[in-house]
Amino acid sequence: MNISQSPPKHFYTLDAIRGLAAIVVILYHWQFFYYANDIWVKGGFEKTALPFYPYLSAIYNDGVIAVDLFFLLSGFIFFWLYARRIATRKMNFSKFMVFRMSRLYPIHLITLLSMAAFQWLMLKNAGHYFIIQYNDSYHFILNLLFMQSWGIEKGASFNGPSWSVSVEVFLYLAFFVICYLKLQNKKWLLFFLMPVGIFLQYYFTLIGKGMYSFFLGALVYYLYVWMLKENRTKKYLSPLIVFTGLLWVLLFAEYYFGFLRGIFIKQYLHTFPHKTLDSAETAFGLGKNFVFRTLVSPCTILVLTLWETSKGTINKKWALLGNCSYAMYLIHFSLQIAFVLIVDAFHINRLVLRSPITLLIFFLILLPLSLMIYYYFELPAQEKIRERFYKIEKPKLSIAEVEVKT
């Protein structure tokens, strides 16, 4: 491919946004401490009681959509790093899966085992599980195989947040087949897979959700490549920055002032008089989610990559946030249960878990712990596995090792 302008060797902006997205999801999950009897019941508590609610209300209410950003990043990065290598047979299936599993599996296994132990303690001490209810042998095997979110499960199990990693593994398989057959050159197919993802959400909700954003991320990557090839980076960067900035302003303005919400609900109930206010609210929420996934997220990723390509890479220290994002994402639920078990063991009222100070302490533990896990467990385990199978030298953060930690 004749690209007039080359991409940087590492997108540190993507590291930063990946880490921030992980923090958003973790904050969203703080409400687990508020569910009655540790059972996840929508609307079962007053959200305004959450720590720092006036400042974090958007995250507490809609932070789950940050997971869509993970899938979008995966699509962009994987088509960048692996598509051509697979299509030209420079990377076979076994090597591709060893690379991916060596990255994902070690900490997944550790958190799965820790969750099994913690949930057993919860059942023994409290008489019920914490939030996640399907912690049996069948779902344990599904988790071992990364199949816990493929539509054959009864519900969330063990380390609940790992559902997105399970979907990622499914998408890796689909991605490899597409690239091996050189179908990525047929951009219409990538467009086609997006509505397929929407359709699948009715039957395989999580896989469909991931598929839509993953292949949208692929299209963002090919749009990025086209802009570089045609030397249009500088021409389009400024308008894209303005457009994306306006999208974010509109998003937050709508969240805090709700001017579009009122118009939509009024028109919705007029068009569908048999519908209820709740169904109108649900429809508006789905529409807002769709706009974020389809416009705001892709434009943000495109702006960041074009900006870093045109202006030069940002400070490498941002890589730290990206490096520890996978550990943060996978261990935070285990840490939440550990907090509950400790509080219960010392007969402390669980209301202490709702304190803003507890939230700050939680992150003061989580962030350095995640970094330690990355450098002293994840990275060494990854290197050992790759050396064992392919005699690969220790990675030095080359372009081939820039990966999305979801």
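The rules we used
Here the residue numbering is sequential within each chain, running from 1 through the sequence in written order. With pLDDT at 70 or above as the cut-off, local features in this predicted model cover only qualifying residues; side-chain atom pairs require 80 or more to be listed or tallied, and sums for whole chains, interfaces and linings still use all residues. Water and hydrogen atoms were dropped before computing side-chain values, which therefore reflect all heavy atoms in the structure. The way it works is that DSSP assigns letters per residue, a run of H or I at least four long becomes a helix, a run of E at least two long becomes a strand, and they are numbered from the N terminus. Buried residues are those whose accessible area, probed at 1.4 Å on protein chains only, stays under 20% of the maximum for their type, while exposed residues exceed 50% and partly exposed ones sit between those limits. Contacts are assigned to residue pairs that have any heavy atoms within 4.5 Å of one another. Surface accessibility in these figures is a Shrake-Rupley result with a 1.4 Å probe; residues are shielded only by whichever protein chains are displayed. Neither His nor the chain ends contribute to the count of charged residues, in which Lys and Arg are positive and Asp and Glu negative. Every charge is mapped onto a representative atom, which is NZ of Lys, CZ of Arg, CG of Asp or CD of Glu. Residue types Ala, Val, Leu, Ile, Met, Phe, Trp, Tyr and Cys, when buried and joined through side-chain atoms within 4.5 Å, form a set referred to as a nonpolar core. Take the residue count of a helix, subtract one, and multiply by 1.5 Å to get its expected span. Between N-to-C directions, angles cover 0 to 180 degrees, with each direction set by a line fitted to C-alpha atoms, over the stretch in contact for helices. Angular relationships are summarised with four words: roughly parallel below 35 degrees, roughly antiparallel beyond 145, roughly perpendicular across 65 to 115, and oblique for the angles in between. Crossings are assigned a handedness: left-handed for a near helix turned anticlockwise from the far helix by less than a right angle, right-handed for a clockwise turn. Note on residue classes: Ala, Val, Leu, Ile, Met, Phe, Trp, Tyr, Cys and Pro are nonpolar, Asp, Glu, Lys and Arg are charged, and everything else, Gly too, is polar. Note on patches: the residues involved have over 30% relative accessible area and no salt bridge, like charges join within 9 Å, and the nonpolar side chains Val, Leu, Ile, Met, Phe, Trp and Tyr join within 5 Å. Counted as salt bridges are all cases of a side-chain nitrogen of Lys or Arg within 4 Å of a carboxyl oxygen of Asp or Glu. Note on ring pairs: Phe, Tyr and Trp rings are taken, using the six-membered ring of Trp, and paired if centres are within 6.5 Å. Classes follow the plane angle, with under 30 degrees stacked, over 60 edge-to-face and the rest tilted. Geometrically, a lysine NZ or arginine CZ counts as sitting over a ring once it is within 6 Å of the ring centre and also within 35 degrees of the ring normal. Values of pLDDT, the confidence the predictor places in each residue, fall between 0 and 100.

Student: Honestly, the overall build of the protein chain in this entry has me stumped. Any pointers?
Tutor: For the protein chain, the count of helices and strands is 15 helices and zero strands. Considered along the principal axes of its C-alpha atoms, the protein chain spans approximately 65 × 60 × 40 Å. Scored against the burial criterion, the 406 residues of the protein chain give a buried share of 50%. For the protein chain, restricting intrachain contacts to residue pairs at least 6 apart in sequence, the fraction spanning at least 24 positions comes to 76%. Split by element, the accessible area of the protein chain, about 19,700 Å² in all, is 68% carbon and sulfur. Here the protein chain holds 38 positive side-chain charges and 20 negative ones, and the gap between their average locations is 9 Å.

Student: Explanation requested: the nonpolar core in the structure shown.
Tutor: A general trend in soluble globular proteins is that nonpolar side chains are found buried together. Phe79, Phe96, Phe175 and Phe215 are the most contacted members of the largest nonpolar core, which totals 107 residues. Setting aside residues up to four positions removed in sequence, Phe79 forms contacts with Phe175, Cys179, Gln184, Leu190, Phe214, Phe215, Ala218, Tyr221 and Tyr222. In terms of nonpolar packing, the next biggest core, distinct from the first, is built from six residues, Leu247, Phe292, Val296 and Cys299 among them.

Student: Is there a simple way to think about helix α1 (residues 12–28) in this case?
Tutor: Since the α-helix turns once every 3.6 residues, residues separated by three or four places project in the same direction. Compared with an ideal rise of 1.5 Å per residue, which puts 17 residues at 24 Å, α1 spans 25 Å between its outermost C-alpha atoms and is within 8% of the ideal. Within α1, 15 of the 17 residues are buried, which leaves the element mostly enclosed by the surrounding structure.

Student: Can you help me understand the packing of helix α5 (residues 93–126) against helix α6 (residues 137–144) in this one?
Tutor: Two measures define how a pair of helices packs: the angle their axes make with one another and the distance between the axes. Close contact between α5 and α6 brings their axes to 10 Å; oriented N to C, the two are set at 165 degrees. Of the possible angle classes, the one that applies to α5 and α6 is roughly antiparallel. Of the two elements, α5 crosses α6, and the hand of that crossing is right-handed. The residues of α6 that touch α5, namely those facing Tyr105, His108, Leu109, Leu112, Leu113 and Ala116, are Phe140, Asn143 and Leu144. Among the residues making up the contact of α5 with α6, the classes are represented as seven nonpolar, two polar and no charged.

Student: What is the right way to look at a nonpolar patch on the surface in this model?
Tutor: On the surface, Leu250, Phe252, Tyr256, Phe257, Phe259, Leu260 and Ile263 cluster together into a nonpolar patch covering about 730 Å² of accessible area. Elements with a contribution of two residues or more to the nonpolar patch: α10 (233–257) and α11 (259–271). Tracing the sequence through the fold places Phe257 in helix α10. Overall, Phe257 belongs to the exposed group, its relative accessible area being 69%.

Student: What is the right way to look at the side chain of His108 in this model?
Tutor: Counting through the fold element by element, His108 comes out in helix α5. His108 sits in the buried class, given a relative accessible area of 2%.

Student: Teacher, can you tell me more about the packing of α10 against helix α12 (residues 277–311) here?
Tutor: Closest axis-to-axis distance for the α10/α12 pair is 9 Å, and the angle between their directions is 145 degrees. In this structure, the crossing between α10 and α12 has a hand that is left-handed.

Student: I'm lost on the packing of aromatic side chains in this one. Help?
Tutor: The geometry of an aromatic ring pair is captured by the separation of the ring centres together with the interplanar angle, meaning the angle of the planes. Summed over all chains, the structure comprises 45 aromatic pairs. Ring centres of Phe79 and Phe215 lie 6.3 Å apart, and the angle between their planes is 65 degrees; on these two criteria the pair is classed as edge-to-face. Pair noted here: Phe79 is in helix α3 (residues 66–81) and Phe215 is in helix α9 (residues 205–229), with a separation of 136 residues, a long-range link. Over the ring of Tyr222 we find Lys187; its NZ or CZ atom is 4.3 Å from the centre of that ring. A cation over an aromatic ring shows up here: Arg388 above the ring of Phe389, its NZ or CZ 5.8 Å from the ring centre.

Student: Explain helix α2 (residues 53–62) here, please?
Tutor: Looking at α2, one finds that the buried residues are Tyr53, Leu56, Ser57, Ala58 and Tyr60. Next to the buried residues of α2 lie α1, α10 and α15 (356–390).

Student: Is there a simple way to explain unusual backbone geometry in this structure?
Tutor: In terms of backbone geometry, most residues other than glycine have negative phi values and most peptide bonds are trans. For Phe52, which is not a glycine, the phi torsion comes out positive at approximately 55 degrees. Judged by relative accessible area, Phe52 falls into the partly exposed class, the value being 34%. Phi at Arg89 takes a positive value of approximately 65 degrees, unusual for a residue other than glycine. With respect to the helices, strands and loops of the structure, Arg89 is situated in the loop between α4 (83–87) and α5.

Student: Which parts of the structure should I look at to understand the confidence of the model for the protein chain?
Tutor: A low pLDDT score tells you not to read the predicted coordinates there in detail. When pLDDT is averaged along the protein chain, the result is 87, and 92% of the positions lie at 70 or above. For the stretch residues 395–406, pLDDT sits under 50, and the model shows 42 contacts to residues farther than four places along the chain or on other chains.

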